[in-house]
Amino acid sequence: LELSGRMKVEPKGRPAADPALKLLSMALAEHRTVVFYYESVSSKPAVRRVDPYGIVFRGNAWYLIGRCHMRDDVRTFRLNRITALNVTEDMFSYPGEFSIEEHLDNSWQIFQGDETEVVVRFSKKVAPFIEEHQWQPHQKIEKDRTGSIIYTTVVKGTLEIKRWILSWGEHAEVIAPEFLREDIEKTVGAMKTKYSGKSAGEKSKKKKRSER
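Residues numbered from 1 in each chain as written. Predicted model: local features only at pLDDT ≥ 70, side-chain atom pairs only at ≥ 80, totals over all residues. Heavy atoms only, no water.

## Focus: the environment of P177
Alright, step 1. Relative to the helices and strands, P177 resides in the loop between strand 10 (172-176) and helix 5 (178-195).
Alright, step 2. The class for P177 is buried, based on a relative accessible area of 15%.
Alright, step 3. For the pair P177 and V118, spaced 59 residues apart in the sequence, the C-alpha separation amounts to 6.0 Å.
Alright, step 4. Excluding anything up to four places from it in sequence, P177 contacts T116, E117 and V118. (Helix = DSSP H or I, 4+ residues; strand = E, 2+ residues; numbered from the N terminus. Buried < 20%, exposed > 50% of the residue type's maximum accessible area, 1.4 Å probe, protein only. Contact = heavy atoms within 4.5 Å.)

## Some words on the nonpolar core
Alright, step 1. L24, F36, L64, F77, L79 and I82 are the most contacted members of the largest nonpolar core, which has 18 residues in total.
Alright, step 2. If you list the elements that add at least two residues to this core, you get helix 1 (20-30), strand 2 (32-38), strand 3 (46-58), strand 4 (61-68) and strand 6 (82-91).
Alright, step 3. Considering every element that reaches this core, the biggest residue donor is helix 1, with five residues. (Core = buried A, V, L, I, M, F, W, Y, C linked by side-chain atoms within 4.5 Å.)

## Thoughts on the pattern of salt bridges
Alright, step 1. Summed over all chains, the structure comprises 11 salt bridges.
Alright, step 2. Notably, a salt bridge pairs D72 with R67, separated by 3.2 Å at the nearest N-O pair.
Alright, step 3. Note on D72: relative accessible area 57%, which makes it exposed.
Alright, step 4. Given the relative accessible area of 26%, R67 is considered partly exposed.
Alright, step 5. Among the ionic contacts, a cluster of salt bridges with common partners joins E30, R32 and E89. (Salt bridge = Lys/Arg side-chain N within 4 Å of Asp/Glu carboxyl O.)

The following block contains the structure:
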């Protein structure tokens, strides 16, 4: 059966083979519901019953997108957290209006959430690296007279873009939204606390000397 448009592999990274891919591909082609045990980072491990809508490779990992019967909503599942996968005899009707491209539109990578406009100022030093890449389809970049740039985009959820912003260190500053600015400030404060004083290695050496 036709699988066109239901499997998407981003050119970035190398998709490692996953034992679940073969079963999920069959379930996708035959419109069959799957059942598996899922160990989520944010919730307790549970058995999930899902109608598979698509498979995506992003950020060096495979993801299943489908309607979760437990949540009664379209959810995303990382394949390496799926165990005891079984393809059932139950068939489902694939929603004609569903599109993986539209579903992932405005996601920074794969995570979903409330659509939020994010505005970030990047210093002159890293501005060329931001400008040379199309990070998001709907991004907007404006230069100011100092040589720094203002980067604006809309994302579904801010967790992934928060990690990206932090990766630019002191060269990135969140202008909006305020809650993301406060979240990053809190994270940086926690990092400062962790890295202040003696390193873990020095503390370990001191402890060993005291035990002699």
